[in-house]
Amino acid sequence: MSAEPAPPPAENVGGQVTIVLERKRVSVPLVPGETLLESARRAGLAPPFSCEAGNCGTCMGKLIEGRATMRNNDALEEEEIAEGYILTCQAVPDTPTVSVTYDE
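Cut-offs and rules
- Residues numbered from 1 in each chain as written.
- Predicted model: local features only at pLDDT ≥ 70, side-chain atom pairs only at ≥ 80, totals over all residues.
- Heavy atoms only, no water.
- Helix = DSSP H or I, 4+ residues; strand = E, 2+ residues; numbered from the N terminus.
- Buried < 20%, exposed > 50% of the residue type's maximum accessible area, 1.4 Å probe, protein only.
- Contact = heavy atoms within 4.5 Å.
- Areas by Shrake-Rupley, 256 points an atom, 1.4 Å probe, with all protein chains shown as cover.
- Pairing = 2+ DSSP bridges.
- Phe/Tyr/Trp six-rings, centres within 6.5 Å; stacked < 30°, edge-to-face > 60°.
- Lys NZ or Arg CZ within 6 Å of the ring centre and 35° of its normal.
- Axes fitted to C-alpha atoms, helices over the stretch in contact; angles between N-to-C directions.
- pLDDT = per-residue confidence, 0-100.
- Salt bridge = Lys/Arg side-chain N within 4 Å of Asp/Glu carboxyl O.

**Q** Is there a simple way to think about the overall build of the protein chain in this case?
**A** Within the protein chain, the secondary structure is distributed over 2 helices and 7 strands. Taken from N to C terminus, the helices and strands of the protein chain fall in the order β-β-α-β-β-α-β-β-β. Across the 104 residues in the protein chain, those meeting the buried criterion constitute 41%. In the protein chain, 51% of the contacts between residues at least 6 apart in sequence involve partners at least 24 apart. Surface summary for the protein chain: the accessible area is close to 6100 Å², and the carbon and sulfur share equals 48%.

Right, dumping it as structure tokens:
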């Protein structure tokens, strides 16, 4: 019986995450499974957040490019989601390129 191959390392898979915060635009390579909040912090930014569980809405941002899926959402209304708002602490990119702004 052979061992299953190890999963690929969490590294750049050719995608990019761009974060806009306080009029500053920063891009980092996409890391599979990483939330947009984690990407923003890895980019050296200090985005707003509190609970990191999808309950408070402090980390709310707006998708301006690409798509992301929220693992949990106990804070946003359907209308906000329809307008493109997401909880960055719970949002994981679905597309290779994702851009989010905290400034709107």
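Moving on from the coordinates now.
**Q** Where do I start with the pairing of strand 1 (residues 16-21) in this structure?
**A** If a strand is regular, its side chains alternate between the two faces of the sheet. Counting buried residues in strand 1 gives 5 out of 6 residues, a clear majority hidden from the surface. Sheet analysis places strand 1 next to strand 2 (residues 24-29), joined by 6 bridges and oriented antiparallel. For leucine 21, the partnering residue across the bridge sits in strand 2 and is lysine 24.

**Q** Looking at this structure, I do not really get the packing of aromatic side chains. What am I missing?
**A** Remark: the centre distance and the inter-plane angle together describe each pair of aromatic rings, the angle taken between the planes. Summed over the entire model, instances satisfying the criterion amount to 0 aromatic pairs. Just above the ring of phenylalanine 49 sits the side chain of arginine 41; from NZ or CZ to the centre is 4.8 Å.

**Q** Quick question: what am I supposed to make of the sheet that holds strand 5 (residues 85-87) here?
**A** Spatial strand order, 2-1-7-3-5: 5 strands in an open sheet with mixed pairing. In this open sheet, the two strands that pair with only one neighbour each are strand 2 and strand 5. Taking the axes of each pair of neighbouring strands and ignoring which way they run, one obtains an average angle of 30° across the sheet. Looking at chain direction, strand 1 and strand 7 (residues 97-101) are connected through 5 bridges and run parallel. Paired with valine 17 across the two strands is valine 98, which belongs to strand 7.

**Q** Explain the confidence of the model for the protein chain here, please?
**A** Detailed reading of the predicted coordinates is not advisable wherever pLDDT falls low. Averaged over the protein chain, the pLDDT score is 90; the fraction of residues at 70 or greater is 88%. Contacts from residues 1-12, a stretch scored under 50 in pLDDT, to residues over four places away or in other chains number 7 contacts.

**Q** Looking at this model, I keep getting lost on the pattern of salt bridges. Mind explaining?
**A** Close approach of charged atoms lets side chains of opposite charge pair. Overall, the coordinates contain 3 salt bridges when judged by the stated rule. Measuring nitrogen to oxygen at the nearest pair gives 2.7 Å for the salt bridge that ties arginine 42 to glutamate 34. By relative accessible area, arginine 42 is classed as partly exposed at 37%.

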